[in-house]
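Here is how the chains run, residue by residue.
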Protein chains: 2
Amino acid sequence: MKPARPRIRAKLFPTPEDAENAFYDAFERGDVAAMMAVWAESDDVVCVHPQGPRLVGFEAVRESWAQIFSGASQVRIRAAEAHRFDGQTVAVHSVVEIMSAPGEKGSPGERGPTGSVYATNVYELTEGGWRMVGHHASPMAEIPAAEDAGPPAHTLH
Amino acid sequence: MKPARPRIRAKLFPTPEDAENAFYDAFERGDVAAMMAVWAESDDVVCVHPQGPRLVGFEAVRESWAQIFSGASQVRIRAAEAHRFDGQTVAVHSVVEIMSAPGEKGSPGERGPTGSVYATNVYELTEGGWRMVGHHASPMAEIPAAEDAGPPAHTLH
């Protein structure tokens, strides 16, 4: 039998990658507490959600994630095609976030990924390890070929 | 009489701010050579123009600026509301780019800024000083109040 662990504990991310993995894990699970454990507790953090305003400060960022997670259905996210600029105290990862809806498996409309987003993630080494201080996301420019091609040529019925 | 200086010379930006100033100066003047003197000559640089695709590599980025400058009329740009994360070798500036068209002065339709953009600018300390390695720009979310309010209540004639 495992000993009970305290639920509230500081998380330490030894590398920017650890912080990034925790970010996308919290994003997928819609877990506000886990999400905000990734962010630096600072009035200076900056977050731009796709087509959203620029939010500044821990509280504004927390409220935005709480709102996103309250309305959204579960989503799978894969951060791909990373380009990393890792300094000793500041690190930046440019990624493509590929999102898919796990609940839509087998549905006639299933086309794989439901959407992709360009994200620039900024991390800073704080006294509490690496934390996110910036997240800038914007919708992918290119519309998938399936969308350009007009109505589907084949239907299932 | 000043001695002639060679036109072609390496520019060294001693700080990320110097690189940023040169970036917006080149942007305003539509000067591709000056713009690309700011960017690191690397296959790893990343650039997302507003609503555009993610461009990777010096050549792709150069081509995009050449295209933008060939089609665009002159624009004034002010980078405001900066939040800076400055490390020893990597620096990130989140800014609001406020654009205005200098040619429209005094025209009846003049409303000040013609558009604003959120930008995350990433700089890296290279052997040639600080250079831009990332630029992620997306349109400002909120439509200016003047646009929401319908036709202007006051006209000049």
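Shown above is the structure to which this text applies.
Residues numbered from 1 in each chain as written. Chains lettered and ligands numbered in written order. Predicted model: local features only at pLDDT ≥ 70, side-chain atom pairs only at ≥ 80, totals over all residues. Heavy atoms only, no water.

If you check the backbone angles, Q51 of chain A has positive phi at about 60° while not being a glycine. Backbone geometry places E81 of chain B, a non-glycine residue, at a positive phi of 50°. One can find E81 of chain B in strand β3 (residues 76-86). (Helix = DSSP H or I, 4+ residues; strand = E, 2+ residues; numbered from the N terminus.)

Now for the pairing of strand β3 (residues 76-86) of chain A. Two faces, one strand: in a regular strand the side chains alternate between the faces of the sheet. Residue and element names in this part refer to chain A. Pairing analysis gives nine bridges linking β3 to strand β4 (residues 90-100), with the strands arranged antiparallel. Residue pairing across strands places R76 opposite S100, the latter belonging to β4. Following β3, the chain reverses through three residues before pairing antiparallel with β4. (Pairing = 2+ DSSP bridges.)

Residue and element names in this part refer to chain B. The strand order across the open sheet built from six strands is β2-β1-β6-β5-β4-β3, with neighbouring strands paired in mixed fashion. Both edges of this open sheet fall to β2 (54-56) and β3, since each of them pairs with a single strand only. For this sheet the average axis-to-axis angle between neighbouring strands, irrespective of direction, equals 25°. Across the sheet, helix α1 (residues 16-29) touches β3, β4 (90-100), β5 (115-126) and β6 (129-139), and the angle it forms with β4 is around 30°. Its contacts with the sheet place helix α3 (residues 58-71) against β1 (46-48), β2 and β6, and it is angled at close to 125° to β2. (Axes fitted to C-alpha atoms, helices over the stretch in contact; angles between N-to-C directions. Contact = heavy atoms within 4.5 Å.)

Contact residues are listed per partner, giving 33 residues for chain A and 33 residues for chain B. Among the residues chain A hides against chain B, the three largest losses belong to R54, F85 and H136 of chain A. Together they make up 28% of the total. One can count two salt bridges joining chain A with chain B. Across the salt bridge formed by E81 of chain B and R54 of chain A, the nearest N and O atoms sit 3.7 Å from each other. (Buried area = accessible area lost by both parts, 1.4 Å probe. Salt bridge = Lys/Arg side-chain N within 4 Å of Asp/Glu carboxyl O.)

The final tally for this structure, using the stated rule, is twelve aromatic pairs over all chains. Ring geometry for W65 of chain A against F69 of chain A: centres 5.5 Å apart, planes inclined by 35°, an arrangement best described as tilted. Pair noted here: W65 of chain A and F69 of chain A are both in helix α3 (residues 58-71), with a separation of four residues, about one helical turn. Exposure class is identical for W65 of chain A and F69 of chain A. Each is buried. Ring geometry for F23 of chain B versus Y24 of chain B: centroids 4.8 Å apart, planes at 85°, classification edge-to-face. No difference in accessibility class separates F23 of chain B from Y24 of chain B, as the two residues are buried. (Phe/Tyr/Trp six-rings, centres within 6.5 Å; stacked < 30°, edge-to-face > 60°. Buried < 20%, exposed > 50% of the residue type's maximum accessible area, 1.4 Å probe, protein only.)

Among the nonpolar cores identified, the biggest contains 72 residues, and W39 and W65 of chain A together with W39 and W65 of chain B are the most heavily contacted of them. Discounting residues that sit within four places of it in the chain, W65 of chain A has contacts with F23, F27, V32, M35, M36, W39, C47, H49 and H135 of chain A. (Core = buried A, V, L, I, M, F, W, Y, C linked by side-chain atoms within 4.5 Å.)

The next point concerns the pattern of salt bridges. Counted according to the given criterion, the structure contains ten salt bridges over all chains. Across the pair R29 of chain A and D31 of chain A runs a salt bridge whose closest N-O atoms are separated by 3.1 Å. Taking relative accessible area as the criterion, R29 of chain A reaches 47% and is therefore assigned partly exposed. With a closest N to O distance of 3.5 Å, E17 of chain B and R84 of chain B form a salt bridge. Of this pair, E17 of chain B sits in helix α1 while R84 of chain B sits in strand β3, and the two are 67 residues apart along the sequence. Salt bridges sharing partners connect three or more residues here, namely D25, R29 and D31 of chain A.

A few words on the pairing of β4 of chain B. Residues and elements named next belong to chain B. Counting buried residues along β4, ten of its eleven residues qualify, which places the element largely inside the surrounding structure. As defined by bridge partners, β4 adjoins β5 across ten bridges and the pair is classed as antiparallel. Across the sheet, E97 pairs through a bridge with V117, a residue of β5.

Attention now goes to the relation of the copies chain A and chain B. Each copy superposes on the other: chain A lies on chain B with an RMSD of 0.0 Å after a rotation of 180° and an axial shift of 0.0 Å. The relationship between the two copies is best expressed as a two-fold rotation axis. Minimal C-alpha distance to the rotation axis in chain A is attained by V90 of chain A, lying at 2.9 Å. A high fraction, 100%, of the interface residues of chain A reappear at the interface in chain B, so the copies pair face to face through one surface. (Least-squares fit on C-alpha atoms with pLDDT ≥ 70 in both.)

Residue and element names in this part refer to chain A. For α3, with 14 residues, the first-to-last C-alpha span of 20 Å sits near the 20 Å given by 1.5 Å per residue. Buried within α3 we find F58, V61, S64, W65 and F69. Looking down the long axis of α3, one finds its buried residues gathered within 130° of arc, a one-sided arrangement. Facing away from the buried side of α3 by more than 90 degrees, the exposed set consists of Q67, S70 and G71. (Expected span 1.5 Å × (residues − 1). Arc of directions from axis to C-beta.)

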